Amino acid sequence: MMQTNRFWKFVFFTLVATLFLMAGILSFLWQQLTAEEIQALSYIAVKDGVIITSLVLIFAFVIFIGLQIIYLTYIKPLKKICAEAEVIYSTNPSHRIKITGNRDFKRLFTVINDFADMFENLNKTITEQVLTARKETEKERNLLAAIMSELPHGVIICNRNGRILLFNSLAKKTFTPDSGIGRSEIFLGLGRSVFHLFDKALIAHAIEEIEERLNTPGQSVASYFITPIHTGQLISTEAIPVLDPENRMTGFILAFQDITDEMNLYDMTHEKLISLKKDLTVQVEQIRDLLNRSDLKFHDIPSIRQDVMKMLDLWPHQYEEVSETLLDAIATRIPLTRHLLKDFLSGLKQKVKDLYDIHLNLSMIDEESNMLADTYSFSTALIFLFQNLSEMIHTREFNLSSFQNNGFIIFEISWQTPLLEKHRIETLLHQRVNSLPSLFYILKQNKALFQILCDSHGSSSRINIVAKAESKMPLKEKHQSPVITGSRPEFYDLDLFRTDEEDSDLWNTELKQITYTVFDTETTGLNPDGGDEIISLAAVRIVNNRIVYQDIFEELVDPKRDIPMESYRIHGISYEMVTGKKDIRTILPAFRDYAAETVFMGHNIAFDMKMFKVKEELTGIKFLNPVLDTLLLSAILHPIHDHHDMESIAERLGINIIGRHTALGDAIATAEIFLKLLPLLNSNGVLTLRDAVKASKKTYYARLKY
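Reading the values: rules and limits
- Positions within a chain are numbered from 1, following the residues in the order the chain's sequence is written.
- Local features in this predicted model are restricted to residues of pLDDT 70 or higher, and side-chain atom pairs are both shown and tallied only at a pLDDT of 80 or more, whereas totals for entire chains, interfaces and linings draw on every residue.
- Side-chain numbers come from the whole structure's heavy atoms, not from hydrogens or water.
- Only strands joined by at least two bridges in the DSSP assignment are considered to pair.
- A helix here means a DSSP run of H or I that spans at least four residues, while a strand means a run of E at least two residues long, and both kinds are numbered starting from the N terminus.
- Among buried residues, the Ala, Val, Leu, Ile, Met, Phe, Trp, Tyr and Cys ones that are joined through side-chain atoms within 4.5 Å form a nonpolar core.
- Accessible area is worked out with a 1.4 Å probe on protein chains only. A residue is then buried under 20% of its type maximum, exposed over 50%, and partly exposed in between.
- Here, two residues are considered to be in contact whenever any of their heavy atoms come within 4.5 Å of each other.
- Note on method: axes are straight lines fitted to C-alpha atoms, helices fitted across the in-contact stretch only, with angles between N-to-C directions ranging 0 to 180 degrees.
- Summarising the geometry, the arc corresponds to the directions from the helix axis toward the C-beta atoms.
- Reported orientations rely on four angle classes, namely roughly parallel under 35 degrees, roughly antiparallel over 145, roughly perpendicular from 65 to 115, and oblique for the rest.
- Crossing handedness is defined as follows: a turn of the near helix away from the far one that is anticlockwise and smaller than a right angle gives a left-handed crossing, while the clockwise case is right-handed.
- When residue character is reported, Ala, Val, Leu, Ile, Met, Phe, Trp, Tyr, Cys and Pro are called nonpolar, Asp, Glu, Lys and Arg charged, and the others, Gly included, polar.
- Any N or O atom pair separated by 3.5 Å or less is treated as a polar contact, with the protein-specific requirement of one donor-capable and one acceptor-capable atom, and with residues adjacent in sequence counted only for side-chain atom pairs.

(A) Structural context of the pairing of strand β2 (residues 164–167). Two elements, strand β1 (residues 154–159) and β2, share 3 bridges in a ladder whose sense is antiparallel. If you follow isoleucine 156 over to β2, its bridge partner there is phenylalanine 167. Connecting β1 to the antiparallel partner β2 that follows it, the hairpin turn spans 4 residues, and glycine 162 within it adopts a positive phi of roughly 85°.

Below, the structure written as structure tokens:
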């Protein structure tokens, strides 16, 4: 359909104005005529009415043909010059204007194409020079990439808001160990939030700790914590701040390693030592019984008995020393850090009060004592303990005393009546503490003991927790300096450091700064309401104005029905290929997680969104992401063109589509098309998401419904 344009609007309003003017003139002249003249004109009109009408229609037709010739000869070529020239210098230097129009325009097109040849050659020359210059730094970049890839630690770099800017291969292996392409429930990728991988409260605590240490000169600015992840592994993590030249925190680095094996070794060694202690105790008792037999009559038995008893009495003590030393050696890799006891208890008191309205009566003998612990897990464990004790005994007040004794900090927790039976308190040791392991395991990680002090009836109103004040073997305390972004060359594009999401308004965000999920579907047919189903869903992300080809989503879907031959001829997906695959109820929740917090992008995306819409009741998934359509964006920029299908747009923009009519191939092609259209949109005043959506609604294609 020919779209309305300014030329035809001008013609229409000009003709209307001319008709009104002529009607006014004729009305004036009619009023000046005499009765005889009016009668004569009426006679002529009746007699020659057909001829007059024919002449008027012929005249109108001649005018229309003349206007059409003017439009095709002068107006349309002029509009085409603007659209085509913009494509040449903005997106596709290889594009050329086809020679059409009158002689003057053909000559102008030839001149523009000649300049385009010069521009393309110049562009190639500049590109070659840039590539030559880049070769000088290629070795250094490759070396850094190899180092990052092969570091013994997993590394994830994030901006201040937790958006992932960089990660190495070990990080990907840790968080997606067995996943194929697009088959991970936990998506690790550029621009994604790190809070999908780590507990947000844990990161927030680390940042708070870092900011406190940044204000204290001479302290290590890193923060350490231990946490389980979705794979079941236990990782030890070091959070290091990234500072700008003004010493403001713009991001952070998470360097982590898997300590699951170390903790398993710790458990196994501990269990073996406990078993050894039991065996030694049994053996000691057996030897005691043997030596105390009454039938021994040798004269030297008393002295032998005395010596043996002395040695046996030393065994348990020797075991305790060896056991403690061995466990200390095994646990040296657990990053316990020193904290002022006074600050730790003050913070604990405030958190318990804020969270559960529980009051702690603090008593500290030595306020300057230091303790060794992972403060996040240790404080979380104590808060968990107070919460559950409060529910058991129905009280909101506890006494918490602390003192140092022989290298240990003893936390004495007590309360008024009622007393609690010992076994009820012990049940708390095996309960999980929020997203952390059990209370017993957390105390073990922090090298702390849990003691229940009971009366003669096995009841208690006092618990002691014994934590480390100092280590007999020095801990491997890491001291990392903050990374200053202006102090070293940039080998990676970390532009996301400059984003400020807290104050951002997505609708007023520039198109270049938005993260997009570009997707496409293949279906059994073109009638969503008539029972056609999705059989393939694929997507790729655009982050910071670049396509992230490593972060893709691609799934075949079992439609639970047949695939018509006419559909198979288009996409090549047969019934056998999808039978037994995941169905739409499994795929859409995973795709929702993949596309979270992004803007949807597609070509003729209204059809794909309709396919999702009809599945809302079945899956419970409702997509509320903002949507952009490359078909509508092309129509905004090139209304002079009649064709806005993917192939036509790609040809204009110089894009080679690989894998047409496959979901992933079309998604990637759509992403490439959008990035080519983006400079044209900006130059035409379409800068933000709001601008793009508003302009899209004005196009003819926006009226299409599915």
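What follows picks up the thread again.
(B) The arrangement of the nonpolar core in detail. Core analysis: the biggest nonpolar cluster contains 65 residues, and Ile156, Phe198, Phe378, Phe411 and Ile465 have the highest contact counts within it. By residue number, the principal contributor to this core is helix α10 (residues 375–393), which donates 11 residues. Aside from chain neighbours lying at most four places away, what touches phenylalanine 198 is Ile156, Phe175, Ile203, Phe225, Thr227, Ile235, Thr237, Leu254 and Phe256. With 34 residues, the next largest nonpolar core counts Ala538, Val540, Leu637 and Phe674 among its residues.

(C) Molecular detail of the sheet that holds strand β21 (residues 627–629). In spatial order, the strands read β19-β18-β17-β20-β21; together these 5 strands make up an open sheet with mixed pairing. Taken across any chain shown, the strands that pair with only one partner, and hence form the sheet edges, are β19 (546–556) and β21. Recorded for the sheet is a direction-independent mean angle of 25° between the axes of neighbouring strands. For strand β18 (residues 534–543) and β19, the ladder comprises 8 bridges, and the chain directions are antiparallel. Each bridged residue has a counterpart across the sheet, and for valine 540 the counterpart in β19 is isoleucine 552. On top of the sheet, helix α16 (residues 605–613) reaches β17 (516–523), β18, β20 (599–602) and β21; it is set at about 75° to β17, its chief contact.

(D) Structural detail: helix α21 (residues 689–696). Among all positions of α21, only Leu689, Ala692, Val693, Ala695 and Ser696 are buried. The buried side chains of α21 occupy one side of the element, clustering within an arc of 165° when seen end-on. Buried-residue contacts for α21 involve β20, β21 and α18 (630–637).

(E) Spotlight on the pairing of strand β6 (residues 337–340). Of the two faces of β6, the one holding Thr337 and His339 is buried and the one holding Arg338 and Leu340 is not buried anywhere. Bridge count for β6 against strand β8 (residues 370–373) is 4 bridges, and the pairing is antiparallel. Its bridge partner lying in β8, arginine 338 is registered against leucine 372.

(F) Structural detail: the packing of helix α19 (residues 646–653) against helix α20 (residues 663–683). Packing of α19 against α20 brings their axes to within 10 Å, and their N-to-C directions diverge by 45°. One way to sum up the angle between α19 and α20 is to call them oblique. In this structure, α19 meets α20 at a crossing whose hand is left-handed. Side by side, α19 and α20 meet where Met646, Ile649, Ala650 and Leu653 of the first sit next to Asp666, Ala669, Thr670, Ile673, Lys676 and Leu677 of the second. The class makeup of the residues in the contact of α19 with α20 is 7 nonpolar, 1 polar and 2 charged.

(G) Just the side chain of aspartate 532, in detail. Locating aspartate 532 in the fold gives a position in the loop between β17 and β18. Since its relative accessible area comes to 11%, aspartate 532 is described here as buried. Looking at aspartate 532, its side chain comes within polar contact range of the main-chain nitrogen of leucine 526, at 3.2 Å. Among the polar contacts made by the side chain of aspartate 532, one reaches the main-chain amide nitrogen of asparagine 527 at a distance of 2.9 Å. Sequence-distant contacts of aspartate 532, that is, excluding residues within four places in its chain, are made with Thr524, Gly525, Leu526, Asn527, Arg561 and Met611.

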